[in-house]
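The residues making up each chain are set out below.
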Amino acid sequence: MEAKEQKVMDEILESHSYDPTAVIAIMQDIQQIYRYLPEEMLCYIAKKLHLSEAKVYGVATFYENFSLDPKGKYVIKICDGTACHVRKSTAILDEIRSLLGVTAQNPTTDDMLFTVETVSCLGACGLAPVCTVNDAVHAAMTPEKARELIKELKAEAGVGEEAADEN
Amino acid sequence: MKKYMMIDGEHVEFTDEKNILAVIRKAGIILPTFCYYSDLSIYGACRMCVVEDKWGGIIASCSTPPKNGMEIHTNTPQLYYHRKRILELLLAAHCRDCTTCEKNGKCKLQELATRFGIPGVRFENTKPIRPLDTSSKSIVRNPNKCILCGDCVRVCSEIQHVGAIDFAHRGASMEISTAFGKDIADTNCVNCGQCAAVCPTGAITIKQDTHDVWEAIHNPRKRVVVQIAPAVRVAVGEAYGYEPGENTIGKLVASLRRLGVDAIFDTALGADLTIIEEAEELLESLGEEGRKYPLFTSCCPAWIRFVETQYPHLMPYVSTAKSPMQMFGAVIKEYYKKQDKKEGMETVSVAIMPCTAKKFEASREEFKRKGIPDIDYVLTSSEVITMLREIGIRFDRLEPEAYDMPFSIYSGAGVIFGATGGVAEAAVRRVAEDKSPKALKDIEFIGLRGMEGVKVCELPYQDRQLRIAVVSGLGNADRLLQKVEGGEEHFDFVEVMACAGGCVAGAGQPFARSTEKRLRAEGLYKTDKALQIKRSEENPLVESLYNDLLKNREHELLHVEYLQGKQG
């Protein structure tokens, strides 16, 4: 781990007073910055919090929301809860996956720009079918709107050139 | 006022029992459990110990505290139904190759399936077959046989403060895993094997080396030389109906001869050598002005691993003396060298140990000389029992036999190495200035004996008081180290054994609870009492070894420098 990253880790740990019971909040902070939980960082916080690496790994794998694999710049979550499902969310999911060439097993594009996931309910059933891109909610989706959305995101990232990691 | 509970309509008094299960057991009803060990925290996972309260509610007795006047039932139609279903579901998700399982006959799941008469399992095992982890020299992990009781996780973190394994993932995909699913050999596992000792099934077992030892025995060009650790003699008999603590060394020697090994010696002689070296180091360290840390003992390979992984900066304070097994291994290999060459033989050095970490120790690079290990194989007490069963030896009917020459003399100090406090007592016998029989008797009572996890005692030495600590269980060692680091405590000498209760409680021994472990330790002290030679330096073999085989080679043969590198 580089000195810069170690400083970030120390700041996060400091803000939680090195409290081992705050391990979930600490992981959320790490994921907020890096979009996933890098192994070396988990080992680092385990050491600093006096927890075993196995325990920290156990917590990280218990929650669906934590990821141990790197994620794309845009994390697209397509809701597949009951309300969205009956309003044909599957078609949207299929459309986005085929557009980006990703699958359930390999949800992230090679250029690390997109990660496509399903989620069991976003709690916004009135807007069904719904999807989120990072924190932005997109309501009443259709395959057409999905195509448009991907296009916009690609333009925003300046695709064709190197997809720079702005974080 | 006396407190009581109604259990199946009977009055049962209780005092400070922490849970209903303990009260029920006191009443003579042995409820089935998988995940309950009184030494560990309560988890309440297996639900086998369920009982019914007077309103028909089903509660887990292990995790419910008793209340005055409480009424519970342990045998109702509901409970009958639940226990059988729980067991059937556990069996459904479990590998059922019992006949080829190493735990066959010793498995709790098998035992309860028999006890409950489960006629068949109606559900298919939908779990994919997962690979075994055979990376460790000491244990084998088979996730397909795991019932997720978590006993291994709790013993590893609560008793040993290692935490090499924990629960990972969730729901149906939950499993016991190392951090990031690494091989167990690549983690901070210390190889103590206590996880295997508490595992109710065959999910964690001790790595078996019996096959290789059989091959060596059957090979006429191989000279199989065996050494037996002190703690083994007071436990192997348990497999043949002897009381824990009964010293059956004569019978063990006789059975090993029938097995076909060529020479049998006692590791206690190695322990005598260890004391000579370690005591010298101790005296040296006492001369160091302002030394912050004590001299730590180095006999326990799990403890060494613990320091390497968690307190690497303390390695310089661990004695450089090899463990008795390794010292004796070096002596054996040296002793037979010429003879081997002349006769065209190869000496295979086998150690019978109460310990799983010894398997790892024997394989360490630091103990290889010119690429050849001093100990070729380590067999646990349990493996030896398996080998004896294989050839059908009636252990109980054999006449006791004596060790082979020339390494058949050992001191009582060497024998007590197998109990917590034994190494420290042996060292004290060596360094104490007063060598009278009365002084020896006094040492017995300075507080080094007993099964407590932490013992502290003081001993007058020259113009000062020596402070000695004896700890067993790595969790206790961890707490002690923190106090020493924080400057709260100062010691001159600290003995550490990784297993709570010392080597007699090693994971390679037959399964035992605290009472049996205590009896085994007492058995060793009894043996010491009956031996003429009490102190290591009084052993005539020690002197002759130093004058001959070890001459000018003490450093090479009796000391080790750990590389602190990666395990394996």
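Going by the structure above, here's the rest.
Please read all numbers here as calculations on a predicted model, not as lab measurements.

So, how was this worked out
Residues numbered from 1 in each chain as written. Chains lettered and ligands numbered in written order. Predicted model: local features only at pLDDT ≥ 70, side-chain atom pairs only at ≥ 80, totals over all residues. Contact = placed C-beta atoms within 7 Å. Helix = DSSP H or I, 4+ residues; strand = E, 2+ residues; numbered from the N terminus. Nonpolar A, V, L, I, M, F, W, Y, C, P; charged D, E, K, R; others polar. Core = buried A, V, L, I, M, F, W, Y, C linked by C-beta atoms within 7 Å. Buried ≥ 20, exposed ≤ 12 C-beta atoms within 10 Å, placed from the backbone. Pairing = 2+ DSSP bridges. Axes fitted to C-alpha atoms, helices over the stretch in contact; angles between N-to-C directions. Parallel < 35°, antiparallel > 145°, perpendicular 65-115°, else oblique. Left-handed = near helix turned anticlockwise from the far one by under 90°.

Here we take up the interface of chain A and chain B. Listed by partner, the interface residues are nine residues for chain A and 13 residues for chain B. The greatest single-element share of the side of chain A that touches chain B, amounting to seven residues, is contributed by helix 4 (residues 53-62) of chain A. Class assignment for the residues of the side of chain A that touches chain B results in three nonpolar, three polar and three charged.

Moving on: the nonpolar core. B:Cys152, B:Cys195, B:Val226, B:Trp303 and B:Ala498 are the most contacted members of the largest nonpolar core, which has 182 residues in total. If one sorts the elements of this core by residue count, helix 8 (residues 267-286) of chain B sits on top with eight residues. Apart from residues no more than four positions distant in its own chain, B:Trp303 is found in contact with B:Leu474, B:Ala477, B:Val496, B:Met497 and B:Ala498. Of all hydrophobic cores here, the second largest spans 19 residues; its members include A:Leu93, A:Val116, A:Val130 and A:Leu149.

Here the focus is the sheet that holds strand 3 (residues 50-53) of chain B. Sheet strands pair by backbone hydrogen bonding; their relative direction is either parallel or antiparallel. All names here are of chain B. If you trace the five strands from one edge of the open sheet to the other, you get 2-1-5-3-4, paired in mixed fashion. Unpaired on one side and paired on the other, strand 2 (10-14) and strand 4 (58-60) mark the two borders of the sheet. Put simply, the sheet's adjacent strands are angled 40° from each other on average, direction ignored. In this structure, strand 1 (residues 3-7) lies alongside strand 5 (residues 71-73), joined through two bridges in parallel fashion. The partner of Ile 7 across the bridge, within strand 5, is Ile 72.

All names here are of chain B. The four strands lie next to each other as 11-10-13-16, forming an open sheet whose pairing is parallel. Unpaired on one side and paired on the other, strand 11 (263-266) and strand 16 (377-380) mark the two borders of the sheet. Neighbour-to-neighbour, the strand axes of the sheet open up by a mean angle of 25°, direction not taken into account. In this sheet, strand 11 lies alongside strand 10 (residues 222-228) in parallel orientation, the contact comprising four bridges. Within strand 11, the position partnered with Gln 227 by the bridge is Phe 265. Helix-sheet contacts for helix 8 involve strand 10, strand 11 and strand 13 (346-353), and the interaxial angle to strand 11 is about 45°. On top of the sheet, helix 10 (residues 324-343) reaches strand 10 and strand 13; it is set at about 160° to strand 13, its chief contact.

Residues and elements named next belong to chain A. Contact geometry for helix 3 (residues 39-49) and helix 4: axes closest at 9 Å, N-to-C directions at 125°. The orientation of helix 3 with respect to helix 4, classified from their angle, is oblique. In this structure, helix 3 crosses over helix 4, and the sense of that crossing is right-handed. Contact residues: helix 3 offers Leu 42, Cys 43, Ile 45 and Ala 46, while helix 4 offers Glu 53, Val 56, Tyr 57 and Ala 60. A per-class count over the contact of helix 3 with helix 4 returns seven nonpolar, no polar and one charged.

Moving on: helix 14 (residues 422-431) of chain B. Most of helix 14 of chain B sits out of view: nine of its ten residues are buried. For helix 14 of chain B, the complete set of buried residues consists of B:Gly422, B:Val423, B:Ala424, B:Glu425, B:Ala426, B:Ala427, B:Val428, B:Arg429 and B:Arg430.

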